[in-house]
Amino acid sequence: MRFYLDTANIDDIEKAAKLGIIEGVTTNPSLIAKEGMDFEEVIKTINTLVDGFVFAEVTALDPEEMVEEGLKLNELSDKMIIKLPCNWAGIQACKILSNKGVKVAVTLVFSANQALIAARAGAYFVAPFVGRLNDISQDGVGTLIKDIREIFMVNKIKTKIVAASLRNQMDVLNCAKAGVDVATIPYQTLLGLLNHPLTDAGLAKFMKDWDSMKNK
Ligand SMILES: O=C(CO)[C@@H](O)[C@H](O)[C@H](O)[C@H](O)COP(=O)(O)O
């Protein structure tokens, strides 16, 4: 499983990029709006900070306009992934854009059948939302992610799974065990995955013992 960062915050992307393990950045209209910056400017800046894919979501609701907006966003770099919602309009636009060679992520996926339809429309990625299903007392990984994985395997579908709406370490761990291709995570979740109090305590003890030896 690979890690992408789920944010449009430039500071967080710069900090996380230093780790050298972030292979892409995903954004959505809510994350862009939170930063209060021009959409295209944010996407262009993110492209300069990471080597991997940069996901940008269309805001049009009509299939023709989605295609037009998707083609325009796709011009921003050769690493663009165009995000489309998993609905009637989004699937039509997915088929058209995929046929033109544009890489599409179908997002807001809440059922395995939606993921299968998106894959058949040529989606490069599907983005199942784990946390929002957990919020309504369903098992985001245990049912949705595992079902999509199985369906893609049985049907030899190459569409990749980018698990989204991951809120905590258990979500990420369960996604890794279920074999998703990518987990896209907020910066705070990344900190939570790496930091451990026993690592900090262990290092402090090593340094204390080292200093006491030097002072002998
Ligand atoms: O869909 C993708 C990646 O394709 C993500 O950027 C996705 O929009 C985000 O993970 C979610 O919107 C965040 O979900 P939540 O934590 O607000 O429930």
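Remember, it's a predicted structure, so these values are computed and weren't measured experimentally.

A. Structural context of a nonpolar patch on the surface. Taken together, the side chains of Leu203, Phe206, Met207, Trp210 and Met213 define a hydrophobic patch exposed on the protein surface, amounting to about 560 Å² of accessible area. Mapping Leu203 onto the fold places it in helix H11 (residues 197-214).

B. Highlighting the environment of Arg149. With respect to the secondary-structure elements, Arg149 resides in helix H8 (residues 140-154). Take Arg149: its relative accessible area is 22%, and that puts it in the partly exposed class. For the pair Arg149 and Asp11, spaced 138 residues apart in sequence, the C-alpha to C-alpha distance is 34 Å. With residues up to four places along the chain from it excluded, the contact list for Arg149 reads Ile161, Ala178, Gly179, Val180 and Asp181.

C. Expanded view of the pattern of salt bridges. A complete count under the given rule lists 7 salt bridges for this structure. Across the pair Glu41 and Lys44 runs a salt bridge, and its minimum N-O distance is 4.0 Å. On the criterion of helical spacing, the pair formed by Glu41 and Lys44 is a turn pair, its members being 3 residues apart in helix H3 (residues 39-49). Among the residues examined, Glu41 registers a relative accessible area of 41% and is labelled partly exposed. We classify Lys44 as partly exposed; its relative accessible area is 38%.

D. Inspection of the site of the ligand at higher detail. Taken together, 13 residues form the shell around the ligand, and within it Asp6, Asn28, Thr107, Arg132 and Arg167 come nearest. At a separation of 2.7 Å, an oxygen atom of the ligand approaches a polar side-chain atom of Arg132. Computed on the free molecule, the ligand has an accessible area of 450 Å², of which 86% lies beneath the protein chains in the complex. Looking at side-chain class alone, the shell around the ligand contains 4 nonpolar, 5 polar and 4 charged residues.

E. Quick peek at the confidence of the model for the protein. Confidence in the prediction of the protein, expressed as mean pLDDT, is 96, and 100% of residues score 70 or more. Among the prediction metrics, the complex's ipTM stands at 0.96, with pTM recorded as 0.95.

F. Helix H4 (residues 63-74), seen in detail. Taking 1.5 Å of rise per residue, 12 residues should cover 16 Å, and H4 covers 16 Å from first to last C-alpha, within 8% of that figure. The set of residues buried in H4 consists of Pro63, Met66, Val67, Glu69, Gly70 and Leu73. The inward-facing, buried residues of H4 abut H3, strand E3 (53-57), strand E4 (80-85) and helix H5 (88-99). The N-terminus of H4 is capped by Asp62, whose side-chain oxygen sits 3.2 Å from the backbone nitrogen of Glu64.

Rules behind the numbers
- Residues numbered from 1 in each chain as written.
- Predicted model: local features only at pLDDT ≥ 70, side-chain atom pairs only at ≥ 80, totals over all residues.
- Heavy atoms only, no water.
- Patch = residues over 30% accessible without salt bridge, like charges linked within 9 Å, V, L, I, M, F, W, Y side chains within 5 Å.
- Areas by Shrake-Rupley, 256 points an atom, 1.4 Å probe, with all protein chains shown as cover.
- Salt bridge = Lys/Arg side-chain N within 4 Å of Asp/Glu carboxyl O.
- Helix = DSSP H or I, 4+ residues; strand = E, 2+ residues; numbered from the N terminus.
- Buried < 20%, exposed > 50% of the residue type's maximum accessible area, 1.4 Å probe, protein only.
- Contact = heavy atoms within 4.5 Å.
- Near = heavy atom within 4 Å.
- Polar contact = N/O pair within 3.5 Å; in protein donor to acceptor, adjacent residues only side chain to side chain.
- Nonpolar A, V, L, I, M, F, W, Y, C, P; charged D, E, K, R; others polar.
- pLDDT = per-residue confidence, 0-100.
- Expected span 1.5 Å × (residues − 1).

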